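Residue-level structural notes
What follows is the residue order along each chain.
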Amino acid sequence: MRDEALFEASVNRELVHKRSVSEVFLTDFVQSSSRSFVAGAQWPRWHVFYGSPDGSPDSALMAETLRQAVIFLSHLCGVPLTHKFLMPHMSISVEPAVLDPLVPAQVAVELDVKDMKLSRGQLSALTVSARFVVDGAPVGEGAAAARIVNPATYERFRGPVPAGLAAAAEDLLECADVGHATQRNVMLGRSRSPFLWPLRVDPTHPIFFDHPLDHVPGMLLIEAARQAVRAASSRPDADFALFEAEFIKLVEFSYPVDVAVTQFESNSADAVMRVRLLHKDETLMSMLARVKTPR
């Protein structure tokens, strides 16, 4: 599906939980049936963070677009802006495609609501599947689950939160080793043991902390997992062909966290890897991922 009207202007930034207009990728939202929607999205030709060197769709940009779509859809269904979103699951798969480098990609995101729960007449949880289409051709698929709670329920869910920030990793991996042009985008410190890296969280990072947050966002955790896979495979250009991420517990700023890669086979382009984010041996996020085959 391609309709130019889908791509005329960005949606209200509040409705995708962004402050910077440049980080709003959704451009419109149309309901096609009772539980089906089409979101317009525009992916920039060049971005300071997102992007793939071979012109293929970026899995992290696809994930961020899906995150924005799920949040927008929830507010469209009446969820107040004051409510909190918890996303326990997200998956993305990327088709072998090349985007036109001369124009921004205009993406039709076809959304189906698979499960929707109400609490006292208000949306409290939903599961959404997505299909990403550019110029009539599919470029990827995804799925995400969200739980939506009011501020008081959210505070009870979190429980007591230790104050302060975890000690920052001072000795970072080189940005070129994890596919970036600046050290500011590096999420990992140098390895303490094979296939284990300390997580680095920069609360001033303009992409992940576009607005104030009270915990480490899931999109940063996905990027940290991707950088760990790049470091483990010695492939700075590596991107996910697919990933399935389970967010088990909120990652608080005060937590020292390690990123661990296991089930890694250096001689297999199709190897499936498990990435875990660990705090004192407790798994906070678990991801199964497969890397794109090099072109």
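Refer to the structure above for everything that follows.
Please read these numbers as outputs of a predicted model, since none were measured by experiment.

**Topic: the nonpolar core**
- By size, the foremost hydrophobic cluster in this structure holds 86 residues, and its most contacted members are Met90, Leu111, Phe132, Phe243 and Met287.
- The greatest single-element share of this core, amounting to 10 residues, is contributed by helix H1 (residues 59-76).
- Dropping the residues within four chain positions of it, Leu111 is found in contact with Phe29, Arg35, Ser36, Phe37, Ala39, Leu66, Ala69, Val128, Ser129 and Ala130.
- The next biggest cluster of nonpolar side chains, apart from the first, holds five residues, and it includes Phe7, Val38, Ala108 and Val133.

**Description of the pairing of strand E3 (residues 84-94)**
- By the bridge criterion, nine bridges tie E3 to strand E6 (residues 137-149) in an arrangement that is antiparallel. Looking across to E6, one finds that Val94 is bridged to Gly140.
- Sheet topology note: the E3/strand E8 (residues 240-247) ladder contains five bridges and is antiparallel. For Ser93, the partnering residue across the bridge sits in E8 and is Leu242.

**A short note on the pattern of salt bridges**
- According to the stated counting rule, one finds 15 salt bridges in the structure shown.
- One salt bridge in this structure joins Arg158 and Glu252, with 2.5 Å as the shortest N-O distance. Remark: Glu252 occurs in the loop between E8 and strand E9 (258-262) and Arg158 occurs in helix H2 (residues 151-158); sequence separation between them is 94 residues. By the burial criterion, Arg158 is buried, and Glu252 matches it.
- Between Arg190 and Asp171 there is a salt bridge; the shortest N-O distance is 3.1 Å. Pair noted here: Arg190 is in the loop between H2 and strand E7 (196-198) and Asp171 is in the loop between H2 and E7, with a separation of 19 residues, a long-range link.
- Using a relative accessible area of 49% as the deciding quantity, one classes Asp171 as partly exposed.
- Residues participating in the shared-partner salt-bridge network are Asp58, Glu223, Arg226, Asp239 and Lys292.

Conventions and cut-offs
- Along each chain, numbering runs from 1 in the same order as the chain's sequence is written.
- Local features in a predicted model are, by the rule used here, given only for residues with pLDDT of at least 70; side-chain atom pairs are given and counted only at 80 or more, and totals for whole chains, interfaces and linings are based on all residues.
- Note: side-chain values were computed over all heavy atoms of the structure, leaving out hydrogens and water.
- Think of a nonpolar core as a cluster: buried Ala, Val, Leu, Ile, Met, Phe, Trp, Tyr and Cys residues, connected wherever their side-chain atoms sit within 4.5 Å.
- Note on exposure labels: buried denotes an accessible area under 20% of the residue type's maximum, exposed denotes more than 50%, and partly exposed covers the range between, all computed with a 1.4 Å probe on protein chains only.
- Going along the chain from the N terminus, every DSSP run of H or I of four or more residues is numbered as a helix, and every run of E of two or more is numbered as a strand.
- Pairs of residues are marked as contacts when any of their non-hydrogen atoms sit within 4.5 Å.
- Two strands qualify as a pair provided DSSP detects at least 2 bridges between them.
- Here, a salt bridge means any Lys or Arg side-chain nitrogen found within 4 Å of an Asp or Glu carboxyl oxygen.

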